[in-house]
Amino acid sequence: SGCQMNVADSERIMGVLEGELGLTALDAINTADPTLIASNKKSKNKKKPTPDILLLNTCTIRDHAEQKVYDALGPYTALKRAGKPLAIVVAGCVAQQEGDALLRRFPEIDLVLGPQYIPWLGELLVEVGKGSQLCMTESMIWSEKGGSLVIDKDSSREKDGDWMTPIKRGHSVRAWVNVIYGCNEHCTYCVVPSVRGVEQSRSMEAILQECLQLAASGYKEVTLLGQNIDAYGRDMIPKRTFADLLHYLNDNLPPNTISRIRYVTSHPRYFSERVIDAVANLDKVCECFHMPFQAGDDKVLRDMRRGYTFDSYMKIIQKIRAKAPDASICGDVIVGFPGETEEAFQRTLDLMEEVKFDNLNTFAYSPRPNTEAADWENQIPPEVQSERLQRVQALAAKHALERSERYLGKVIEVLVEDRNPKNGGEVMGRTRQGRQVFFEGDIDELKGQLVNVKITAARTWSLVGSIDG
């Protein structure tokens, strides 16, 4: 679980464990997500293979996610204290946030691994096997030179970029592709800059190379990832822009390979009209905008240090509607931020009514370590947060259904991804705008295919239809 970047990190971790070290993933039993367990292929216990490594790839965006990590660790640290030869690794954002404190709290942990150190996981596990206990969370700056080189700022040591690390993809039709790491924004509620580091863009050439490899493997869709994807290229010399990247990929991906390019996540403060033009005009770039607004009240937005207002956000939406009228617009919102009055909360509802989001990720504010807002005295009581969250979710569902209903009776292009887990005779795919569509079909024949589907029913978060013709 966690953000898309966290999921992509898990794929790289599994690529190292299986591709570099020759380990085999086991089903996690009685553990909290996200848990990865690996064991040696030659384990003699055929009934229940003995795990050699427990690896938790963690999320800390909210307190609940962090607490799940500690709950998951408990049984395994007890197992290790009882003499079980088990290597315990905590990776991801909790690892980066807590660092050595994790080792003090759980001395049974062998390796604390920040996200930037995933390419070194195999080497570090070798050191763990020799008896070392390691905490790898020191900030790292990497750069690309003559074929993707990563340089530790405190060392002359060199290693291929993490896109060269083996990746065990979680899907065979769509794939994640990192384009920029880190965030420089320091919003007062957000822990991301302290756990993901400063912004570091990958070169367009390296990103294209990964996409070409995916195309050669039969992938049909890529989602470009960045915590603040609109900042892409501003750390480069010469500077590039995210719109430049979209044009570059659209122009250089071979025909009849990858047919869809998505991306997350935009920041309204830096969003460019050139990106709107790219989405509206480039054939491979999907008509879907993920534009977190977080709050509708200007004072709350200032307190969050977001860098835009209700009106400036709406100007972006109006430009999108004018140039890409069929595009979906998705967002994120936080309710119960410190100091949010009922009047301020109403402005959030007002913004939702004006936009009518296709999908809205809703959250109650959660104080996080090393963030300014966590120390403010004007915290909102949990019961008020909960009531506001329910109101936001009800309105979001109403709007989502309205947005689904616009497809009724239309024939829509759907990329088939999976079998419907609740009905083996149906398949599931998505429109270019990101709406799930369910319809009768054989997954073995249709997976990875673009199919024209006539929409016959609209649900809040999905559509139902039948193959046209």
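From a predicted model like this one, the values you see are computed outputs, not experimental measurements.

Student: Quick question: what am I supposed to make of the sheet that holds strand β18 (residues 426-430) here?
Tutor: Strands pair in a sheet through their backbones, by hydrogen bonds, and they do so in one of two ways: parallel or antiparallel. Taken in spatial order, the five strands line up as β17-β18-β19-β21-β20 and close into a barrel, and their pairing is mixed. Neighbour-to-neighbour, the strand axes of the sheet open up by a mean angle of 55 degrees, direction not taken into account. Bridge count for strand β19 (residues 436-440) against strand β21 (residues 462-467) is three bridges, and the pairing is parallel. Looking at the pairing, Val 437 lines up with Leu 463 of β21.

Student: What is the right way to look at the environment of Ile 467 in this model?
Tutor: Within the secondary structure, Ile 467 sits in strand β21. Beyond its immediate stretch of four places on either side in the chain, Ile 467 contacts Phe 439, Glu 440, Leu 446, Val 451, Asn 452 and Val 453.

Student: I'm lost on helix α2 (residues 63-81) in this one. Help?
Tutor: For an α-helix, the turn length of 3.6 residues means that residues three or four places apart are oriented alike. Counted at 1.5 Å a residue, the expected span for α2 with its 19 residues is 27 Å, and the 27 Å between its end C-alpha atoms agrees. Taking the largest bend as the criterion, α2 deviates by roughly 30 degrees, centred on Gly 74, and proline Pro 75 comes between one and four positions later. Listed as buried for α2 are Glu 66, Val 69, Tyr 70, Ala 72, Leu 73, Tyr 76 and Thr 77. Count one or two residues on from α2 and you reach Gly 83, which has phi positive near 110 degrees.

Student: I'm lost on the packing of helix α8 (residues 242-252) against helix α9 (residues 273-281) in this one. Help?
Tutor: Any two packed helices are characterised by the angle at which their axes cross and by the distance between the axes. Interaxial distance between α8 and α9 falls to 8 Å at its minimum, and their mutual angle equals 20 degrees. When the axis of α8 is compared with that of α9, the two are roughly parallel. Crossing angle aside, the handedness with which α8 passes α9 is left-handed. Residues Phe 242, Ala 243, Asp 244, Leu 246 and His 247 of α8 pack against Arg 274, Val 275 and Ala 278 of α9.

Student: Any chance you could explain the pairing of strand β3 (residues 53-58) here in plain terms?
Tutor: Taken residue by residue, a regular strand's side chains alternate between the two faces of the sheet. The element β3 is largely enclosed, with a buried count of six among its six residues. Here β3 shows no split at all, with Ile 53, Leu 55 and Asn 57 on one side and Leu 54, Leu 56 and Thr 58 on the other all buried. As defined by bridge partners, β3 adjoins strand β4 (residues 87-92) across six bridges and the pair is classed as parallel. Of the residues in β4, the one forming a bridge with Thr 58 is Gly 92. Taken together, β3, α2 and β4 form a β-α-β motif whose crossover is right-handed.

Student: It is not clear to me how the environment of Met 291 should be interpreted in this structure. Could you clarify?
Tutor: Relative to the assigned elements, Met 291 resides in the loop between β14 (288-290) and α10 (298-304). With sequence-adjacent residues up to four places away left out, Met 291 is seen in contact with Ser 266, Pro 268, Phe 271, Tyr 313, Ile 316, Ile 320, Cys 330, Gly 331 and Phe 357.

Student: I tried to follow the sheet that holds strand β16 (residues 359-364) on my own but got confused; where do I start?
Tutor: With parallel pairing, the three strands of this open sheet are ordered in space as β14-β15-β16. Two strands in the sheet have a free side with no partner beyond their single neighbour: β14 and β16. Within the sheet, the average angular offset between the axes of one strand and its neighbour, ignoring direction, is 10 degrees. Where β14 meets strand β15 (residues 328-335), three bridges bridge the pair, whose relative direction is parallel. Counterpart to Phe 289 in the pairing with β15 is Ile 329.

Student: What is the right way to read unusual backbone geometry from this model?
Tutor: Most of the time, phi is negative for any residue but glycine, and the peptide bond is trans. Geometrically, the link from Ile 237 to Pro 238 is a cis peptide bond, its omega value of -5 degrees lying close to zero. By the element assignment, Pro 238 lies in the loop between β12 (221-225) and α8. Going from Val 264 to Thr 265, the amide bond is cis rather than trans, its omega being 0 degrees. By secondary structure assignment, the location of Thr 265 is in the loop between β13 (260-264) and α9. A positive phi angle is found at His 186, which is not glycine, with a value near 55 degrees. Its place among the elements puts His 186 in the loop between β10 (180-181) and α6 (192-196). For His 186, a relative accessible area of 47% puts it in the partly exposed group.

Student: For this particular structure, what's the right way to read the packing of aromatic side chains?
Tutor: Taken as a whole, this structure holds ten aromatic pairs when the rule is applied. Relative to Tyr 313, the ring of Phe 293 lies with its centre 5.9 Å away and its plane at 55 degrees, an arrangement referred to as tilted. Of this pair, Phe 293 sits in the loop between β14 and α10 while Tyr 313 is found in helix α11 (residues 310-323), placing the two residues 20 residues apart along the sequence. For the residue pair Phe 293 and Tyr 313, the accessibility class agrees, reading buried in each case.

Student: Would you explain the side chain of Gln 433 in this entry?
Tutor: Note that Gln 433 resides in the loop between β18 and β19. Taking relative accessible area as the criterion, Gln 433 reaches 9% and is therefore assigned buried. Beyond its immediate chain neighbours, meaning those up to four positions away, Gln 433 contacts Arg 262, Glu 287, Cys 288, Asp 326, Ala 327, Ser 328, Arg 406 and Tyr 407.

Student: I'm lost on the environment of Val 195 in this one. Help?
Tutor: Positionally, Val 195 belongs in helix α6. Separated by 135 residues in the primary sequence, Val 195 and Thr 60 place their C-alpha atoms 8.8 Å from one another.

Student: What is the right way to read the packing of helix α12 (residues 342-355) against helix α13 (residues 382-405) from this model?
Tutor: With their axes 10 Å apart at the nearest point, α12 and α13 run at an angle of 10 degrees to one another. Judged on the interaxial angle alone, α13 and α12 are roughly parallel. Residues Glu 342, Phe 345, Gln 346, Thr 348, Leu 349, Met 352 and Glu 353 of α12 lie in contact with α13, whose contacting residues are Arg 388, Arg 391, Val 392, Leu 395, Ala 396 and His 399. Here the contact of α12 with α13 is composed, by residue class, of six nonpolar, three polar and four charged.

Student: Just to check I follow, could you spell out the side chain of His 171 for this structure?
Tutor: Along the chain, His 171 falls in the loop between β8 (158-160) and β9 (174-178). Residue His 171 is classed as buried on the basis of its relative accessible area, which comes to 11%. Non-local contacts of His 171, meaning those with residues more than four positions away in its chain, are made with Tyr 219, Glu 417, Asp 418 and Lys 447.

What counts and what doesn't
Residues numbered from 1 in each chain as written. Predicted model: local features only at pLDDT ≥ 70, side-chain atom pairs only at ≥ 80, totals over all residues. Heavy atoms only, no water. Pairing = 2+ DSSP bridges. Helix = DSSP H or I, 4+ residues; strand = E, 2+ residues; numbered from the N terminus. Axes fitted to C-alpha atoms, helices over the stretch in contact; angles between N-to-C directions. Contact = heavy atoms within 4.5 Å. Expected span 1.5 Å × (residues − 1). Bend = angle between axes of the 7 residues up to and from the residue. Buried < 20%, exposed > 50% of the residue type's maximum accessible area, 1.4 Å probe, protein only. Parallel < 35°, antiparallel > 145°, perpendicular 65-115°, else oblique. Left-handed = near helix turned anticlockwise from the far one by under 90°. Right-handed = clockwise from strand over helix to strand, strands pointing away. Phe/Tyr/Trp six-rings, centres within 6.5 Å; stacked < 30°, edge-to-face > 60°. Nonpolar A, V, L, I, M, F, W, Y, C, P; charged D, E, K, R; others polar.

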